[in-house]
Amino acid sequence: RVLVGTKVDENHANWATAYNMLTGIRVSVSRTNAKLDRSLTDEDFEAKQKSTFDIAGNELVPSAKYDFKFKDYAPWVFRHLRALFRLDPADYLMSLTGKYILSELGSPGKSGSFFYFSRDYKYIIKTIHHGEHKFMRKILKDYYNHVIDNPNTLLSQFYGLHRVKMPYGKKIHFVVMNNLFPPHKDIHTTFDLKGSTIGRDYREEDLEKNPRATLKDLNWLRRKRRLELGLQKRQLFLQQLQSDVKLLQKLKIMDYSLLIGVHDLQKGNGENLRDKTLQVFNPGGAAQTEGGPDPNQVLMRTPSKLESARKARELRQMVKAERPVPMRQTTDRMPDELAEGHSRGGVFYNDDGGLRATHEDNTPGEEVYYLGVIDCLTHYGMIKKLEHFWKGLSSDRTQISALPPEEYGDRFLKFMSGITVSPEEAAREQNDRVAA
Ligand code: ATP
Ligand code: CA
Ligand code: CA
């Protein structure tokens, strides 16, 4: 399978930043991983670990290509989160830093955040604003406890929170999180749903140019789309969503969405190359070229099993050379009280990393859904401020319509409940209405 993005190599404008991000992650995460596991304390949630990199290096920090400072926030909390999310510590570092390849998605949203994929497409690095960063640290304990209580949570899985700073450069905050979409499956249609209809439309005319664009609520409704989950999975899904939204409401978060990638089993994988270049994960619908690959878009191949194994060996050796304790000696495992009954990977990511469509009569459907709640670091207060700012600039307020978190969450849940009604049930309801 061929993946596409803008490869960040040494000629790329953001190469040094990407290099520093990865070097910082490699060194600080392996430092934490090398220690014997222990339980978390309250201080762990506030902790930050600073490293200063330079060309010379010292006994604590290996030499690097550039001078920069790196901060690892709450390293022990994230080590435990990664274990809860069932990541293998060596694989995690290998995926991200085994080879210094990222592909950059530029800035798909309005927020100005940059997105980078790990080479194997499993992880996403998203740069975040200082406000989001501060907010994330504030809610970290609530998030952590929620993950413990909700092994099947649909919220973004956060694996690390970091900052890089280059001399005379800006501070860049970023998170590492799960890519909801699978490396091994084509996603044929993508929706980003908020439960709102105001401005939530991707211009259908542009779809021809950009068939893999991320569609929105109105496109969903126009297509009379449904998430077919069958009765049982629907109930599980809505229950989990309720619990997740309850947390978001409590934390006064809004503006999040349910991201849905649909894999059509009939179409399967392996369409022609041109199609593949268009299947770029291209959420904001940034300009795509017609008639073949854009020269800026470097095709990237998913590594074979053999390559991956070789890289894993290399990385372990690298880590060994740097650290007195080899990484494999770490005891990253779930706390005993959680190991039982904790089925991460979980109900919603069970069918080939996704959720197989199910008809009301429990027969399997023709699609696999890859879904989760994303962009969940926007505090109501931040939006309010933004809105104020926009109000001062123009009269067009429809772009940002701040709905208080309670209402936002209720509207979101109502919409998701609506789109998971089975076609049969919808027909019955329709009949009842006609009869009445
Ligand atoms: P805005 O605030 O303007 O919505 P943003 O920069 O905060 O933008 P997000 O909403 O987090 O960006 O994400 C933008 C797009 O990136 C999403 O619509 C989705 O297509 C893609 N995306 C984000 N997070 C993930 C993820 N975890 N897995 C897969 N795709 C993702
Ligand atoms: Ca968003
Ligand atoms: Ca956002």
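Everything below is about the structure printed above this text.
Calculation criteria
Residues numbered from 1 in each chain as written. Chains lettered and ligands numbered in written order. Predicted model: local features only at pLDDT ≥ 70, side-chain atom pairs only at ≥ 80, totals over all residues. Heavy atoms only, no water. Patch = residues over 30% accessible without salt bridge, like charges linked within 9 Å, V, L, I, M, F, W, Y side chains within 5 Å. Areas by Shrake-Rupley, 256 points an atom, 1.4 Å probe, with all protein chains shown as cover. Salt bridge = Lys/Arg side-chain N within 4 Å of Asp/Glu carboxyl O. Lys, Arg positive; Asp, Glu negative; His and termini not counted. Charge placed at Lys NZ, Arg CZ, Asp CG, Glu CD. Buried < 20%, exposed > 50% of the residue type's maximum accessible area, 1.4 Å probe, protein only. Pairing = 2+ DSSP bridges. Helix = DSSP H or I, 4+ residues; strand = E, 2+ residues; numbered from the N terminus. Contact = heavy atoms within 4.5 Å. Axes fitted to C-alpha atoms, helices over the stretch in contact; angles between N-to-C directions. Donors = N, O, S within 2.8 Å, 3.2 Å for Na, K, Ca; no water. 1 Å grid on protein atoms, 1.4 Å probe; cavity = no way out; pocket = protein on both sides within 12 Å on 5 of 7 lines; lining within 4 Å. Points joined across faces, edges and corners; volume = space filled by probe spheres on them. Nonpolar A, V, L, I, M, F, W, Y, C, P; charged D, E, K, R; others polar. Domains from an automatic or database assignment. Polar contact = N/O pair within 3.5 Å; in protein donor to acceptor, adjacent residues only side chain to side chain. Core = buried A, V, L, I, M, F, W, Y, C linked by side-chain atoms within 4.5 Å.

Caption draft 1: Expanded view of a positive patch on the surface. On the surface, K48, K50, K69 and K171 cluster together to form a positively charged patch. On the basis of relative accessible area, K171 is assigned to the partly exposed category, the value being 48%.

Caption draft 2: The arrangement of the sheet that holds strand β13 (residues 355-358) in detail. Strand order in the open sheet formed by five strands is β10-β9-β11-β14-β13, with mixed pairing between adjacent strands. The strands lining the two open edges of the sheet, one partner per strand, are β10 (214-215) and β13. Note: strand β11 (residues 257-264) against strand β14 (residues 364-374), eight bridges, orientation antiparallel. Bridge assignment links H263 to a residue of β14, and that residue is V368. Most of the contacts of helix α7 (residues 230-250) go to β13, to which it runs at about 130°, and overall it touches β11, β13 and β14. Sheet strands in contact with helix α12 (residues 405-419) are β9 (189-193), β11 and β14, and its direction is about 145° off that of β9.

Caption draft 3: Fine view of the coordination of the calcium ion (ligand 3). Donor atoms from the polypeptide that bind the calcium ion (ligand 3) are D375 (OD) and D375 (OD), placed at 2.5 Å. The two metals, the calcium ion (ligand 3) and the calcium ion (ligand 2), are separated by 4.3 Å and share D375 as a common coordinating residue. If you trace the backbone, D375 turns up in the loop between β14 and α11 (380-393).

Caption draft 4: The layout of surface pockets, seen in detail. As a volume, the second largest pocket reaches approximately 640 Å³. L87, Q157, Y159, N178 and N179 are the residues nearest the centre of the second largest pocket, which is lined by 28 residues in total. When grouped by side-chain class, the residues that make up the lining of the second largest pocket number 13 nonpolar, nine polar and six charged. Of the domains in this structure, domain 1 (1-181 + 281-340) and domain 2 (184-271 + 345-436) are the two that each give at least three residues to the lining of the second largest pocket.

Caption draft 5: Local environment of the pattern of salt bridges. Overall, the coordinates contain 17 salt bridges when judged by the stated rule. In this structure, the salt-bridge partner of D142 is K250, at a minimum N-O distance of 3.0 Å. Residue D142 is located in helix α5 (residues 130-149), and its partner K250 is located in helix α7; the two are separated by 108 residues in the primary sequence. By relative accessible area, which is 26% here, D142 ends up partly exposed. The partner of R222 in a salt bridge is D201, with the nearest N and O atoms 2.7 Å apart. With R222 in helix α6 (residues 217-222) and D201 in the loop between β9 and β10, this residue pair connects regions lying 21 residues apart in the sequence. Given a relative accessible area of 33%, D201 falls into the partly exposed group.

Caption draft 6: Here's a closer look at the pairing of β13. With three bridges connecting them, β13 and β14 associate as antiparallel partners. Its bridge partner lying in β14, L355 is registered against Y369. In sequence, β13 turns back onto β14 through a hairpin of five residues, with N362 there showing a positive phi of about 75°.

Caption draft 7: How the structure looks around the side chain of D44. Looking at the element boundaries, D44 is found in helix α2 (residues 42-46). Assessed through its relative accessible area of 7%, D44 is described here as buried. One polar contact links D44 to R38, side chain to side chain, over a distance of 2.9 Å. Setting aside anything within four residues of it in sequence, one finds D44 in contact with R38, S39, A74, W76 and V77.

Caption draft 8: Seen up close, the nonpolar core. Among the nonpolar cores identified, the biggest contains 101 residues, and I125, F237 and I260 are the most heavily contacted of them. No other element matches helix α1 (residues 15-33), which puts eight residues into this core. Setting aside its immediate chain neighbours within four residues, I125 contacts M21, L22, I25, L96, L102, F114, F115, Y116, F174, V175 and V176.

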